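Report on the structure
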Amino acid sequence: MLVRRGRAGASERPPYNCHRDLGPYAGVDAFLADLARDHPRQAARHSVELHSIVPALNPARMTAADEQPIRFHPVRRTAALSFGAAEFVAACAVRRPLTVHFVHADAADETTAELLATLTRRLASTPTALHLHDGGAPGPEVESRPTHLRAMLGDSLARGFYHHAVRTARRGRAAVTPETDLALWWSFTTGLATALAAVGHAVEALQLYAEARAVTDDPKITMSAAYSTAMLYARHLPPAQQDPALARQWLETALHLADGITDERRRVVSTIFYEQGIALLDSREGRVDEALELVNSGLVKLSTVLGADERRQDQARLRHNRAQLHLALGKAAEALADLDDVIAYDPENCEYYVDRAALHRAAGRTSAALGDYAAAIRLGPHLPEAYYNRATLYEETGRSGAAREDLLRVLAIDPAHLDARVALANLHLARGDLAAAEACVRSAPAERRDAPALLCTLGLIRSERGALDEADDLLTRALDAAPGLAEAWTNRAAVRFERGDAAAAVADLDRAVVLSTAAEPRFNRATALMRLERWGEAADDLTAALSVPGLDAKLRRDLRAGLNRCRAHASSRRR
């Protein structure tokens, strides 16, 4: 497929082979490595994403086998890596136009296909031309040695390239059987189940663990399968198929099997981490104190068998669990202390900084929160959550320009990020730029345009532009899909009030007040009630709204003015 024609003066690169059998990011990794050698300064600015895609560029890299335990990355991480790599290529293309050919694009791994699509979009306005070709020279011979496949599987899991892990594990399972090499067969089976769960196929993963229990009674395998089955029922299966009771039963089975481990250190470590699953279920069922007791006892027991520098990621995870439980109990200071410890144990995990930033933010420590968001962005560039959370903090503190930049970055990385799109549209609305707000909502990916939050926002925008009938229809569609969306009831009430139907507005605001503790629905209902001359009810709403903490000065003035008006009418009626 021809994506773009080459431009005069562009240098021609030899074709890069994208065939999936060459591994994740095949072809594009070689292209990026060539660019990095030609543009070392630009490469240094994008080292995190380049090292993730092309490990050979990182002189301090560790293999998957060296990093224990493996840090499992979220599936969405590859989209962030693609965005950063495309920014790097675009910066290089400004200096030196290129014409690049990729062959076997039709047989590319999912990581390669995602990055090629991102490059195509990003480079559309640059002098670099990409040519994607289906087919090409004969593909490489597929690797079939089981031990090599096992190493490839571990690498793909460790780097978060789960589709490639699925294919590799299937090849491995085809090459060995439980009878010929049980340990290797189990490595491929549990690796396949892990990768399938990550890409949304948890039901098939469940079947794999059942198969393992059917073919062997090896205690190590059945113990691991029991724990993994529990986690599928607790977390990974579709919501309708999750079953906390079954999850607890499988965890108890895993704990029973762990009790039979003869090596004390392995027995203690396995027991502690299986108990964390019990703690998860306890916390979800409201028994947070019991969950906290399990985590605390686990930390004490872990200290008896591990040195301070051993399995630091695991020690960090337990403390992170405790931080979440402290937070659920309203103990913010203890949660913050836990997160300080978590980051000391695992300072390279960007998600921990996002969590700590939220605590700083809740306590009003804006500078500390911004510092943690900056650290998260440095360690995990182009992960949308840190940019989005920082944007909302910027907006709260009056830095709307900085907020807008972060939201635009989120949508450049992930156009389907609903919260960021709504927030950006609202920023445009606050500036009075209705055209920009509407364009922001309407440019959402097709599969997201009927999302209730977007319909609600578009309804608000259309009402501001005077299209009340269209706004009413949009808001009704939002409510049909999400009757619990308080903003949609509030916005439709405003439309109906504007059209002169105060009674219909009150009916909508009755629903909004049930759903929201904010002051605005009560203020709006009071306004509609005053139109209907129901002064006493309006005064009750205004009084209740004035008791809401954190009111801005303008809304407080409006509430008091409305209440004075109600009192004046009540006084005139008594006379």
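Here goes a summary of the coordinates provided. Model, not experiment: these values are computed from the prediction. (Residues numbered from 1 in each chain as written. Predicted model: local features only at pLDDT ≥ 70, side-chain atom pairs only at ≥ 80, totals over all residues. Heavy atoms only, no water.)

**What about the overall build of the protein?**
Applied cut-off: Helix and strand labels come from DSSP, where a helix needs a run of H or I of at least four residues and a strand needs a run of E of at least two; each type is numbered from the N terminus. The buried label applies to any residue whose accessible area, calculated with a 1.4 Å probe on protein chains only, is under 20% of its type's maximum; exposed applies above 50%, and partly exposed to all values in between. The contact criterion used is simple: two residues touch if any of their non-hydrogen atoms lie within 4.5 Å. Per-residue and other accessible areas were derived by the Shrake-Rupley procedure at a 1.4 Å probe size, with only the shown protein chains allowed to occlude residues. Charge assignment: positive for Lys and Arg, negative for Asp and Glu; neither His nor the chain ends contribute. Charge positions are represented by NZ for Lys, CZ for Arg, CG for Asp and CD for Glu.
From N to C terminus, the protein includes 28 helices and 4 strands. Sorting the 575 residues of the protein into buried and exposed places 49% on the buried side. Partitioning the intrachain contacts of the protein with sequence separation of at least 6 by distance along the chain shows that 62% fall at a separation of at least 24. A total of about 27,300 Å² of accessible surface is found on the protein, and carbon and sulfur atoms cover 51% of it. Considering the protein, the positive charge centre built from 72 side chains and the negative charge centre built from 75 side chains are found 6 Å apart.

**A short note on the state of the cysteines**
Counted only if it meets this: Our working definition of a disulfide is a cysteine sulfur pair at a distance within 2.5 Å.
Applying the stated criterion across every chain yields a total of 0 disulfides. Lacking any disulfide linkage, Cys18 is separated from the closest cysteine sulfur, that of Cys92, by 18 Å.

**Examining the pairing of strand 4 (residues 129-132)**
Across a regular strand the side chains alternate sides, sitting on one face of the sheet and then on the other. What counts, and what does not: At least two DSSP bridges between two strands are required for those strands to pair. Note on handedness: a crossover is taken as right-handed if, strands pointing away from the viewer, the path from the first strand over the helix to the second is clockwise.
Alternating positions in strand 4 separate into two faces, Ala129 and His131 on one and Leu130 and Leu132 on the other, with burial throughout. Across 4 bridges, the pairing between strand 3 (residues 98-103) and strand 4 is parallel. The partner of Thr99 across the bridge, within strand 4, is Ala129. Regarding the hand of the β-α-β motif, the stretch spanning strand 3, helix 5 (residues 110-122) and strand 4 is right-handed.

**What about the environment of Val54?**
Residue position: Val54 is located in the loop between helix 3 (47-53) and helix 4 (77-95). Accessibility expressed as a relative area gives 8% for Val54, which makes it buried. Residues Val54 and Tyr25 lie 29 residues apart in sequence; the distance between their C-alpha atoms is 8.3 Å. In this view, Val54 contacts Asp29, Leu32 and Ala33; residues no more than four positions away in its chain are not counted.

**Examining the pattern of salt bridges**
The following threshold applies: Salt bridges, as used here, are contacts in which a Lys or Arg side-chain nitrogen is within 4 Å of a carboxyl oxygen on Asp or Glu.
Inspection of every chain in the model, using the stated rule, returns 41 salt bridges. Glu285 is paired through a salt bridge with Arg287; the nearest N and O atoms lie 2.8 Å apart. According to the relative accessible area criterion, Glu285 is partly exposed, its value standing at 39%. Residue Arg287 is classed as partly exposed on the basis of its relative accessible area of 30%. The partner of Arg311 in a salt bridge is Asp314, and the shortest N-O contact between them spans 2.6 Å. Its relative accessible area of 36% is what places Arg311 among the partly exposed residues. Classification of Asp314 as buried rests on a relative accessible area of 5%. Each of Asp469, Asp472, Arg492, Arg496, Arg499 and Asp508 takes part in a single network of salt bridges with overlapping partners.

**Brief notes about the side chain of Thr222**
The topology assignment puts Thr222 in helix 10 (residues 219-236). Aside from chain neighbours lying at most four places away, what touches Thr222 is Thr216, Asp217 and Leu257.

**Digging into the pairing of strand 3**
Within strand 3, 6 of the 6 residues are buried, which leaves the element mostly enclosed by the surrounding structure. Sheet topology places strand 2 (residues 16-17) next to strand 3; 2 bridges connect them, and they run parallel. Paired with Tyr16 across the two strands is Phe102, which belongs to strand 3.

**Details of the nonpolar core**
Selection rule: Remark: nonpolar core denotes a set of buried residues (Ala, Val, Leu, Ile, Met, Phe, Trp, Tyr, Cys) joined through side-chain atoms within 4.5 Å.
Core analysis: the largest hydrophobic core is formed by 82 residues, its most contacted members being Leu407, Leu454, Leu542, Leu559 and Cys566. With 8 residues, helix 20 (residues 418-430) is the largest single contributor of residues to this core. When near neighbours in sequence (up to four residues on either side) are disregarded, Leu407 contacts Tyr388, Ala391, Ala420, Ala423, Leu424 and Leu427.

**A few points about helix 19 (residues 400-413)**
How we decide: Helix span is expected to be 1.5 Å times the residue number reduced by one. Directions pointing from the helix axis toward each C-beta atom define the arc.
With 14 residues, helix 19 ought to run about 20 Å at 1.5 Å a step, and its terminal C-alpha atoms sit 20 Å apart, in line with that. Buried residues of helix 19: Ala403, Asp406, Leu407, Val410, Leu411 and Ile413, and no others. Angularly, the buried residues of helix 19 cover 160 degrees about the axis, an arc narrow enough to put them on a single face. For helix 19, the secondary structure elements touched by its buried residues are helix 4, helix 18 (384-396) and helix 20.

**Regarding the packing of helix 25 (residues 502-515) against helix 26 (residues 519-531)**
We count it as follows: Lines fitted to C-alpha atoms define the axes here, with helix axes fitted over just the stretch in contact, and angles between the N-to-C directions of these axes take values from 0 to 180 degrees. Angle categories: roughly parallel below 35 degrees, roughly antiparallel above 145, roughly perpendicular from 65 to 115, and oblique for all the rest. Whether a crossing is left-handed or right-handed is set by the direction in which the near helix is turned from the far one by less than a right angle, anticlockwise for left-handed and clockwise for right-handed. Charged residues are taken to be Asp, Glu, Lys and Arg, nonpolar residues to be Ala, Val, Leu, Ile, Met, Phe, Trp, Tyr, Cys and Pro, and polar residues to be all remaining types, Gly included.
Relative orientation of the contacting elements helix 25 and helix 26 amounts to 155 degrees, with a least axis distance of 9 Å. By the angle class used here, helix 25 and helix 26 are roughly antiparallel. In the packing of helix 25 onto helix 26, the handedness of the crossing is left-handed. Residues Ala502, Ala505, Val506, Leu509, Asp510, Ala512 and Val513 of helix 25 touch helix 26, and the partners they reach there are Pro521, Arg522, Asn524, Arg525, Ala528, Leu529 and Arg531. The class makeup of the residues in the contact of helix 25 with helix 26 is 9 nonpolar, 1 polar and 4 charged.

**Some points on helix 12 (residues 264-284)**
Defined as follows: Side-chain atoms alone can form a polar contact between residues adjacent in sequence; in general such a contact is a pair of N or O atoms within 3.5 Å, and within protein one must be able to donate a hydrogen while the other accepts it.
If you check helix 12, its first and last C-alpha atoms are 31 Å apart, about what 21 residues at 1.5 Å a residue would give, namely 30 Å. Counting buried residues in helix 12 gives 15 out of 21 residues, a clear majority hidden from the surface. Of the residues that open helix 12, the one with a side-chain oxygen 3.3 Å from the backbone nitrogen of Arg265 is Asp263.

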